[in-house]
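# Structural overview
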Amino acid sequence: MRLVLGQIDIAWEDPAANVRRVGDALGALRPAPGSWVILPEMWATGFSMDVAATCGTAASIALEAQRSWAMDLGVRVLGGVASVVGGKPMNRVVGQDAEGREWLSFAKLHGFSPAHEPSIYQTGSDVVAAEADGCHVAPFICYDLRFPEVFREASARGADLMVVVANWPARRDRHWRALLVARAIENQAWVVGVNRAGADPNATYAGRSLVVDPTGVVRADLGEGERWLQLDVDMGEAA
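Summarised in this report is the structure supplied together with it. No experiment lies behind these values; they were computed from the predicted model shown. (Residues numbered from 1 in each chain as written. Predicted model: local features only at pLDDT ≥ 70, side-chain atom pairs only at ≥ 80, totals over all residues. Heavy atoms only, no water.)

### Side note on the nonpolar core
Membership of the largest hydrophobic core comes to 49 residues, with the highest contact counts inside it found for W36, F140, L161 and V192. In terms of residue count, the dominant contributor to this core is strand β8 (residues 161-166) (6 residues). In this structure, F140 is in contact with V93, F106, L109, V127, V150, F151, A154, V163, V164 and V165, ignoring residues within four places of it in sequence. (Core = buried A, V, L, I, M, F, W, Y, C linked by side-chain atoms within 4.5 Å. Buried < 20%, exposed > 50% of the residue type's maximum accessible area, 1.4 Å probe, protein only. Helix = DSSP H or I, 4+ residues; strand = E, 2+ residues; numbered from the N terminus. Contact = heavy atoms within 4.5 Å.)

### As for the packing of aromatic side chains
A full pass over the atoms with the stated rule returns 7 aromatic pairs. Seen in terms of ring centroids, F106 and F140 are 5.8 Å apart; in terms of plane orientation they differ by 75 degrees. Their pairing is edge-to-face. On the criterion of sequence distance, the pair formed by F106 in strand β5 (residues 102-107) and F140 in strand β7 (residues 135-141) is long-range, its members being 34 residues apart. When sorted by exposure, F106 lands in the same class as F140, which is buried. (Phe/Tyr/Trp six-rings, centres within 6.5 Å; stacked < 30°, edge-to-face > 60°.)

### Re helix α3 (residues 57-73)
For α3, which comprises 17 residues, the first-to-last C-alpha distance of 24 Å matches the rise-based estimate of 24 Å (1.5 Å per residue) to within 8%. For α3, the complete set of buried residues consists of A58, A59, A62, A65, Q66, W69, A70 and L73. Taken end-on, α3 shows its buried residues confined to a sector of 135 degrees, consistent with a single buried face. Those residues of α3 that are exposed and angled more than 90 degrees off the buried face are T57, S60 and D72. Check the buried side of α3 and you find it contacts α1 (15-29), α2 (51-54), β3 (76-85) and β4 (88-96). Residue G74 follows α3 closely and has a positive phi angle near 70 degrees. (Expected span 1.5 Å × (residues − 1). Arc of directions from axis to C-beta.)

### Side note on the sheet that holds strand β12 (residues 210-212)
Here we have 6 strands laid out as an open sheet, ordered β6-β7-β8-β9-β12-β13, and mixed in their pairing. The open sheet has two edge strands, β6 (130-132) and β13 (218-221), and neither has a second partner. For this sheet, the mean inter-axis angle between neighbouring strands, taken without regard to orientation, is 20 degrees. Strand direction decides the pairing type here: β6 and β7, joined by 3 bridges, are antiparallel. Within β7, the residue paired with E131 across the bridge is H136. (Pairing = 2+ DSSP bridges. Axes fitted to C-alpha atoms, helices over the stretch in contact; angles between N-to-C directions.)

Shape is all these values report; function is a separate question.
If you want it as structure tokens, here you go:
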């Protein structure tokens, strides 16, 4: 399967600018039909604790953009979007397919307490392992990476591809790399980490999005700055 990783420099609380940025990149790349396009945590706004800026119009714009790209390109799109579910704001990963259907929805299990995220966004209650295109994918969001037990639960449910979308600060970059590799080794699964680049009012971000194979070998490292990567992976290696 072909993965398309978007390590973007997110414009702070500006969904229109971020939609243009991603749309222009995808228009230039023209991913092959059937590809999986993966975007960072809260890709349309940045990691903002302002619910009015993330969960209202911005959420609608982001979700509609993902649906449009999925249908126009014939791909699956997985992106981090904060939105209201059941009357509660949640930090989520949402996936749309080439027919425009929502085929995956996951809410972050562990809010980042130093940013007071748990008091602002309702945390999820369970892991997700969704089947698509011959694999079982389990999405996670940023701080979830520090909790190995939820990855083990996803593995027990058959996950062979684990995707972590993030706004992971540069000052803890060594933890990001080490933990992504560890999760791959522990679970003998493909692990994909898609981080943002650039800076926001609270932190700078090193990027360093990774694709790690089931033996812990880093197959791709996007380095620093805004970058995109297309990479074919063999899901049979997990088996």
